[in-house]
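Report on the structure
Now for the letters of each chain:
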Amino acid sequence: MPRLLLAALASLLALSCACAQVNQKAIDDVAAGKLTEAKASWWGFDATDATACLQAAINSKVPKLTVDNVGKPWIVTPIRLVGNQEITFEKGVEVLAKADEFKGGNDSLFSARLAQNITLSGYGATLRMRRADYDDATRYKHAEWRHVLQFHSCSSIKVLGLTLAESGGDGIYLGTGQAGVPNKNVVIRDVICDKNYRQGISVISAEDLLIENTIMRDTAGTAPMAGIDFEPNGPDERIANCVMRNCVAEGNNSWGYVAYLPPLRATSAPVGLRLENCKALSNKAGAFGFVTNGTAEAAVPGKVELINCEFTGNGGSAFGLVGNPPPPVGCRITVQGCRFLDNAVTKPAEAPIVFGTRQGADLDVGGVTFTDVVVRDPVARNPMVFVDMASGLNVSDVTGNLILEKDGRQQKVELTRELLGQWMPVIVLKKIPRIHPKGMAFAPLQAPAAGQKLALGSWRLRKAGAACVWARQGDAVTVTISSGQIGRYAANPVAVVVTSPSGQEVTKVQAPFGQESPISFTAPETGLYLLRSDAGGNYAVYTASTHPFNLCYDGEAIHFISSTGTLYFYVPAGTKEFGLRVNGEGLGEGVKATLTNGAGEVVQEKDNVARTDMFTVELPQPSPGGTWSLKLEKPSAMAMEDYYIDPLGIPPLLAPSKECLLKPAQ
């Protein structure tokens, strides 16, 4: 572009900023390439809204830009960064989000997409948003993406010395702007992420990331609420060569450091994550959590290292490993010279070190080497606990030593297979074949009345749920659905897809959040129609149906939250044994369950079921066919929130009333 045209454009940008003291000559010299360094105030300053001034200064593409201290905050709406630019915020500068703005759910203070070579430096400067405003449902639609700094598939980025405070999302978000393109060569140094709404830092996809001397504190608002969360959204994203050194995660409302990697797969780029000399202090949930899938196809390989870290006074475990199979399928994890001090002291069922499997896993969890790791625990318990949500799996390939500290004395303990077996015994449940309802024909146990409207109770299906409704060809079917919020998860519409008995999509509905909404269709064939709902982190609840309705297994156990009542199921003729697998969330969240046979006799009762347990029924004679029930209540000694039911050896259909019962057709 000709330099005269550039100068004219720069003049227009300056005039569009209704600011005083515009230095037009300097602006023209920048546009003409005579000056490679500039001050933002050359484009003026407006104490009520400096957006146009600051954006014009950035859009000049001057290689070095100083946001100078003018004695008042730079109040702005969302600002877009450009590549090949170094911005220095002078000491004492505050860039402040304008009040009653940032209404868009993704409105961030500063953002860049597919940009290169950006440096934001500000020792003693603050970039601040208005977290409390965005949490006001009367003024703002709930969202979790109003970040202070947002980078999408950018490279050669530096963030130095800044305080990033009170966002409506994260202090820093490293996301994806183009499929398969991570943020690359990113340095975050001497930064404070203070009182952000979702995380201090979120890393969705990054390669060659260095975070040094950075504090992530007091995150609170909406889940996950961690100091930092490494959480890819898909298998083509990556967490590769990510290093944190001399960092502190303190006082966050959940975990200090989290790597939640189930979206990755065996075909994804290997994980590379290293924490050196990092601290996690007084975080509510725990210090370091690492979660992957537990199958050969879905686990991700790689290397994770915790070197000379200190995790003290956290509300949960110091080290939590869920799902990761031993190498070569999963990651090799090294924990060396770390100190785990006084963690989970108010949660006696937990432990300083927790291993766990996820539902659907079929491989052991482990692949960890501990070397000279000090564990100080004032609670009388083993230093490790195993929470098996898959049943029958084990902790394997865990080696090295711990230094157990009690009453000022230390004891070095070698981690032998025998000792681990004592600390973490395996609970093996009987294996009962699963019966899949797909392709089976069903019929109502009792003929449905014309014009009926069946009440379905209040069975809250958490996240993704499956249900089914039986109808004859040509029937007009209506099922009503509502939803409710869990914590601070976004109140988005609930997606429901209805599939016919032959597997064809019949209808798709977006049910408004929190409102009772109809799902209506005319049945193209006779049989069982599958309803799949997706409530995000919230729950969906089916309230009424014109036709027999059941909750059902569809690849995963039925996931309830805070639901009580009685569910009914049919044991087909000829059945010799069956089981009902029941579990809570593993530690601290459980359920009480009572199994009753067709004669109304209590067969088994289990209270405070947190880890995977099972009602196993072996009949003395093959069943003639009959109705059984499972009553679900609050446990006597723990909280009741998330829990799971998984029927085995019988059709996995659970009816909210006897009128809804279905049985296999002849």
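An account of the accompanying structure is given in this report. Values in this document were obtained by computation on a predicted structure and should not be read as measured data. (Residues numbered from 1 in each chain as written. Predicted model: local features only at pLDDT ≥ 70, side-chain atom pairs only at ≥ 80, totals over all residues. Heavy atoms only, no water.)

**As for helix H3 (residues 51–59)**
With 7 of its 9 residues buried, H3 lies for the most part within the structure. Those residues of H3 not exposed but buried are Thr51, Cys53, Leu54, Gln55, Ala56, Ala57 and Ile58. Note on H3: the residue one or two positions beyond its end, lysine 61, has a positive phi of about 60°. (Buried < 20%, exposed > 50% of the residue type's maximum accessible area, 1.4 Å probe, protein only. Helix = DSSP H or I, 4+ residues; strand = E, 2+ residues; numbered from the N terminus.)

**Digging into the packing of aromatic side chains**
In this structure the tally under the stated criterion is 16 aromatic pairs. Between the aromatic rings of phenylalanine 45 and tryptophan 74, the centroid separation amounts to 5.0 Å while the plane-to-plane angle is 75°, which identifies the pairing as edge-to-face. On the criterion of sequence distance, the pair formed by phenylalanine 45 in the loop between strand S1 (37–39) and H3 and tryptophan 74 in strand S3 (residues 74–76) is long-range, its members being 29 residues apart. Owing to a relative accessible area of 18%, phenylalanine 45 belongs among the buried residues under this scheme. Residue classification places tryptophan 74 among the buried positions, given a relative accessible area of 0%. The interplanar angle of 5° and the centroid separation of 5.6 Å between the aromatic rings of phenylalanine 311 and phenylalanine 340 together place this pair among those described as stacked. With a gap of 29 residues between them, phenylalanine 311 in strand S27 (residues 310–312) and phenylalanine 340 in strand S30 (residues 339–341) connect regions that are remote in the sequence. Grouping residues by exposure puts phenylalanine 311 and phenylalanine 340 together as buried. Members of the aromatic cluster, each reached through a chain of ring pairs, are Phe288, Phe290, Phe319, Phe355 and Phe370. In this arrangement the basic side chain of lysine 606 is found over the ring face of phenylalanine 615, its NZ or CZ atom lying 5.5 Å from the centre. (Phe/Tyr/Trp six-rings, centres within 6.5 Å; stacked < 30°, edge-to-face > 60°. Lys NZ or Arg CZ within 6 Å of the ring centre and 35° of its normal.)

**Re unusual backbone geometry**
Note that the residue after alanine 223, namely proline 224, is joined by a cis bond; omega there is 10°. In this fold, proline 224 is placed in the loop between strand S18 (215–217) and strand S19 (226–230). At the junction of proline 327 and proline 328, the peptide bond is cis and its omega measures out at 10° in the coordinates. Phi is positive for asparagine 185, which is not a glycine, with a value near 55°. Within the secondary structure, asparagine 185 sits in strand S14 (residues 183–189). The backbone of asparagine 213 sits at a positive phi, close to 50°, despite the residue not being glycine. Considering the arrangement of structural elements, one finds asparagine 213 in the loop between strand S17 (206–212) and S18. Under the relative-accessibility criterion, asparagine 213 is labelled partly exposed at 35%.

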